[in-house]
Amino acid sequence: MALKVDPMKCTGCRICEFACNYHHDGSISPIGSSLMYYYEEKKNYYGMMVKRDKTLMLGRPEGEKVLKPGEQIEGAGASAKPILLRIACDLCKEEDNGPVCMQACPYGVLSMEG
Amino acid sequence: MTMETMNNYNGTILIVDLAAKSCSTQDLTEELIEKALGGAAINMELYEQYKDREPLILGSGFFTATFAPAACGGVMTAKSPITGKIAHVPFGWLTGVELKLTGFDFVVVLGKAAAPVRLWLHDGLSDINDSADIWGKDVWESTDKMREVYGDDMAQMLVIGKAGENKNPLAVVSENYWGGKDKAGLGAVFGAKNLKAVAMRGLGSLEVADGFFQKCVELKNGIIGGAIKGKAGLYDIGAALGIDAAALDKLKSITHRNDAGYNCAYPYYTFLKYNEAPTFMDMMGGSKEPGCLVSDLMGFASLAAAGVDAARAMETCYRLGLEPAAAGALLKKQGAGIEGLDSLAAGGAAEGLAAWIVNGALDSAIAAKTAAFSMAVPTRAIFGGSLDADGWINRQAMAYVLGIDPVMAVLCPEITGEKMAELVRISAEWDDFSADALHTICAELVKKSA
């Protein structure tokens, strides 16, 4: 099982990122999330990354891509690198209503695969 | 409850003395929160406290940056150079959230700097930085330069262009590259203070009450299944409001994607691409500046009515920090093209600023009661519900106090006083806080802002 992003449904509202942080440490902040929003603002290019246990998923407007350790994050911008240090998505196994990012997202961007 | 445990807030007010180039802080007390909750209502309290020192207040709402629906809002309060009265100007998308995450819930900016400066708020720190490097540069160049200087593309900006530097009442405070909801000329207030920008980056942390998240999810689910269901973007709003069909068709033909502000369930920011194919999605290649993000439908319609390429004219207004609805009205009157915008930013009168004209009688009724809220927000219910003048004013006051996006407050009739009061009760652990208490705070805000 893994969390999946449908990038073309995303509007960049970022609530999943904050919900994820809340799941991990009970507070509102963008820094402890397994999800990360990245953008090139003037190009209106944006997407979400998910730090998985052994891989990194990029939900990019060009399509989805799963990177393995050591692979370069091309096209995600310099702002993408900090996610490699983040805690991996644990699929919110202890939450009563399933992954909090999926609950919080107004656009149905996130789903489970596998 | 001590300040350390007050949910939703950091507990800090920043006081900036521009003449002395010094910053200090004071506690955001529970007493003040009990009296005015947040946003424009606390801004108003601070404005009165410092009213002899030309205050400009930046505030976050009670729910800003939390899980409450559309809680993306910050609000600026100052005396409008257009009306001479108090104006509350909302700033949203990602900028309102960033303010709160800097660690400062409210920022009081006093007096005038001797030379151009900008305020850099980050991680609980505040710097007053010289801004000779960007004074005279347009909004886009300034935003790029500040992000380069501060080394962070995620830094959010409130910034002025040439119009603001010239203290022109047609000036706006821009949210990053894309203008904003400033119809009150607060861009000229920035300019008069020699304040080029407020740059913000916050990696702070806020506490929220147990059970708050789940209540917010329930409310969000009601919103997405409610009046906005099946709708998206500026186009659908414009169609519902009866905006000029040719202007809307043009907008649709160059629409790239619809974007949403923080935690907003309706994406009313529409990105228009005119320097490359609207369908182009790749990170690599393409134009570095393919188009612009538009949320001000009346600004777009006003420029279209002037007979110019409205999307490109929006970009020019953004760069100049110029209010597009008034600019469009003036271009039309002068029979000028896009090139006329530059001279409007240099001079120009405050004509045509009450630009939301889709429902004239209601606009007049609102104007007769208050000029405190942004007329960038449609003055009628759009996809559902109904609003009269008092209903619109109450709904806006509530949004400005709580940090709810004011357009979302009009789009989503599901965001009610009762639901918001319930979220306040949970957050603040005030068992007896009611919708009436919230309404009283909002009514007091309207009265004090007169």
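Residues numbered from 1 in each chain as written. Chains lettered and ligands numbered in written order. Predicted model: local features only at pLDDT ≥ 70, side-chain atom pairs only at ≥ 80, totals over all residues. Heavy atoms only, no water.

**Section: the overall build of chain A**
The criterion, for reference: Segments assigned H or I by DSSP are reported as helices when at least four residues long, segments assigned E as strands when at least two residues long, and all are numbered from the N terminus. Radius of gyration: C-alpha atoms only; globule rule: 2.2 Å multiplied by the number of residues to the exponent 0.38. The cut-offs for exposure are 20% and 50% of the maximum accessible area for each residue type, with area from a 1.4 Å probe on protein chains only; residues under the lower value are buried, those over the upper are exposed, and the others partly exposed. Pairs of residues are marked as contacts when any of their non-hydrogen atoms sit within 4.5 Å. Note on areas: these come from Shrake-Rupley sampling with a 1.4 Å probe, and a residue is covered only by the protein chains present in the view. His is not counted, nor are the chain ends; Lys and Arg add positive charge and Asp and Glu add negative charge. Working definition for charges: the position is that of NZ of Lys, CZ of Arg, CG of Asp or CD of Glu.
Looking only at helices and strands, chain A features two helices and seven strands. Along chain A, from the amino end to the carboxyl end, the secondary structure elements read β-α-β-β-β-β-β-α-β. Compactness check: chain A gives a C-alpha radius of gyration of 13 Å against a globular reference of 13 Å for 114 residues, within 12% of the reference. C-alpha atoms of chain A, sized along the principal axes, occupy 35 × 30 × 25 Å. Buried positions account for 58% of the 114 residues belonging to chain A. In chain A, 54% of the contacts between residues at least 6 apart in sequence involve partners at least 24 apart. For chain A, the exposed area adds up to about 4,800 Å²; of that, 51% sits on carbon and sulfur atoms. The averaged location of the 15 negative side-chain charges in chain A is 6 Å from the averaged location of its 14 positive side-chain charges.

**A look at the interface of chain B and chain A**
Here is the rule: Using a 1.4 Å probe, buried area is obtained as the accessible area two parts lose upon being combined, added over both of them. Think of a salt bridge as a Lys or Arg side-chain nitrogen and an Asp or Glu carboxyl oxygen that are within 4 Å of each other.
Contacts between the two partners involve 54 residues from chain B and, on the opposite side, 37 residues from chain A. Carbon and sulfur atoms supply 58% of the area that chain B and chain A bury against each other, a total of about 3,800 Å² over both sides. Taken together, the links from chain B to chain A amount to three salt bridges. Measuring nitrogen to oxygen at the nearest pair gives 2.5 Å for the salt bridge that ties A:K42 to B:D144. Where the side of chain B that touches chain A is concerned, the elements lending two or more residues are helix 3 (95–101), helix 4 (139–150), strand 12 (206–207), helix 7 (212–224), strand 13 (255–259) and strand 14 (269–273) of chain B. The leading source of residues in the side of chain B that touches chain A is helix 7 of chain B, at five residues.

**Section: the confidence of the model for chain A**
For clarity, the threshold we go by: As a per-residue measure, pLDDT reflects the predictor's confidence and takes values from 0 up to 100.
Of the residues in chain A, 91% have a pLDDT of 70 or more, and the chain-wide mean is 89. Looking across chain A, the model is least confident in strand 6 (residues 63–67) of chain A, with a mean pLDDT of 89, and most confident in helix 2 (residues 100–104) of chain A, with 98.

**Quick word on the side chain of B:K183**
Note the following rule: Distance and chemistry together define a polar contact, namely a pair of N or O atoms within 3.5 Å, with one atom able to donate a hydrogen and the other to accept it when in protein, and with adjacent residues in sequence counting only for side-chain atoms on both sides.
Within the secondary structure, B:K183 is located in the loop between strand 10 (174–175) and helix 6 (186–192). A polar side-chain atom of B:K183 sits 2.6 Å from a polar atom in the side chain of B:D296.

**Observations regarding unusual backbone geometry**
All names here are of chain B. Unlike most non-glycine residues, A70 shows phi in positive territory, near 55°. Mapping A70 onto the fold places it in the loop between strand 3 (56–60) and strand 4 (74–79). Of note in this structure, E429 is not a glycine but carries a positive phi near 60°. Its location among the elements puts E429 in the loop between helix 17 (417–428) and helix 18 (435–448).

**Section: the state of the cysteines**
Which entries qualify depends on this criterion: Criterion for a disulfide: a pair of cysteine sulfur atoms within 2.5 Å.
Scanning the entire structure with this criterion turns up zero disulfides over all chains. No disulfide involves B:C216; its nearest neighbouring cysteine sulfur is the one of A:C13, lying 13 Å away. We note that B:C292 lacks a disulfide partner, and the nearest cysteine sulfur, in B:C317, lies 9.7 Å from it.

**Considerations on the sheet that holds strand 6 of chain A**
Residue and element names in this part refer to chain A. So the rule is basically this: A pair of strands is labelled paired if DSSP reports no fewer than 2 bridges between them. Between N-to-C directions, angles span 0 to 180 degrees; the directions come from axes that are lines fitted to C-alpha atoms, helices contributing only their stretch in contact.
Reading across from one edge, 3-4-5-6 is the order of the four strands in this open sheet, with antiparallel pairing throughout. The open sheet has two free edges, formed respectively by strand 3 (35–40) and strand 6, since each of these has just one partner strand. Within this sheet the neighbouring strands show an average axis-to-axis angle of 20°, counted without direction. Here four bridges tie strand 4 (residues 45–51) to strand 5 (residues 56–60), and the two strands are oriented antiparallel to one another.

**Focus: the packing of helix 10 (residues 297–305) of chain B against helix 11 (residues 310–320) of chain B**
All names here are of chain B. Quick note on the threshold: When the near helix sits turned anticlockwise from the far one by under a right angle, the crossing is termed left-handed; a clockwise turn instead gives a right-handed crossing. Here the nonpolar group is Ala, Val, Leu, Ile, Met, Phe, Trp, Tyr, Cys and Pro; Asp, Glu, Lys and Arg are the charged ones; every other residue, Gly included, is treated as polar.
For the pair helix 10 and helix 11, interaxial distance at closest approach is 9 Å and the crossing angle is 115°. Remark: the crossing between helix 10 and helix 11 carries right-handed chirality. From helix 10, G299, F300, L303 and A304 reach across to helix 11, where they touch A310, A311, A313, M314 and C317. Of the residues that constitute the contact of helix 10 with helix 11, the class distribution is eight nonpolar, one polar and no charged.

**Some details on helix 1 (residues 15–25) of chain A**
Residues and elements named next belong to chain A. For helix 1, a buried count of nine out of eleven residues is recorded, marking the element as mostly surrounded by other parts of the structure. All of the buried residues along helix 1 are I15, C16, E17, F18, A19, C20, N21, Y22 and H23. Phi turns positive, to about 75°, at G26, one or two residues after helix 1.

**A look at helix 11 of chain B**
Residues and elements named next belong to chain B. Of all eleven residues in helix 11, nine are buried, a share of seventy percent or more. For helix 11, every residue scored as buried is listed here: A310, A311, A313, M314, E315, C317, Y318, R319 and L320. Just past helix 11, the residue G321 takes up positive phi, approximately 70°.

**Quick notes on the confidence of the model for chain B**
Model confidence for chain B is summarised by a mean pLDDT of 94, while 96% of its residues fall at 70 or above. Across the interfaces of the predicted complex, the ipTM metric reaches 0.95, alongside a pTM of 0.96.

**Some points on the pattern of salt bridges**
Inspection of every chain in the model, using the stated rule, returns 28 salt bridges over all chains. The closest approach of N and O atoms between A:D6 and A:K9, which form a salt bridge, is 3.9 Å. The exposure class of A:D6 is partly exposed, given its relative accessible area of 28%. The partly exposed category is assigned to A:K9, whose relative accessible area is 43%. Two residues, B:K448 and B:E48, come together in a salt bridge whose shortest N-O distance is 3.9 Å. Here B:E48 lies in helix 2 (residues 39–49) and B:K448 lies in helix 18, a separation of 400 residues in the sequence. When salt bridges that share partners are traced, they join A:K42, B:D138, B:D144, B:E289, B:E315 and B:R319 into one network.

**Thoughts on the nonpolar core**
All names here are of chain B. Stated formally: The nonpolar core is taken to be a set of buried Ala, Val, Leu, Ile, Met, Phe, Trp, Tyr and Cys residues, with the residues joined through side-chain atoms within 4.5 Å.
Core analysis: the largest hydrophobic core is formed by 171 residues, its most contacted members being L37, F63, F67, L322, L402, L411 and M420. The biggest single contributor to this core is helix 15 (residues 389–402), with nine residues. With 29 residues, the next largest nonpolar core counts V117, L158, I160 and L195 among its residues.

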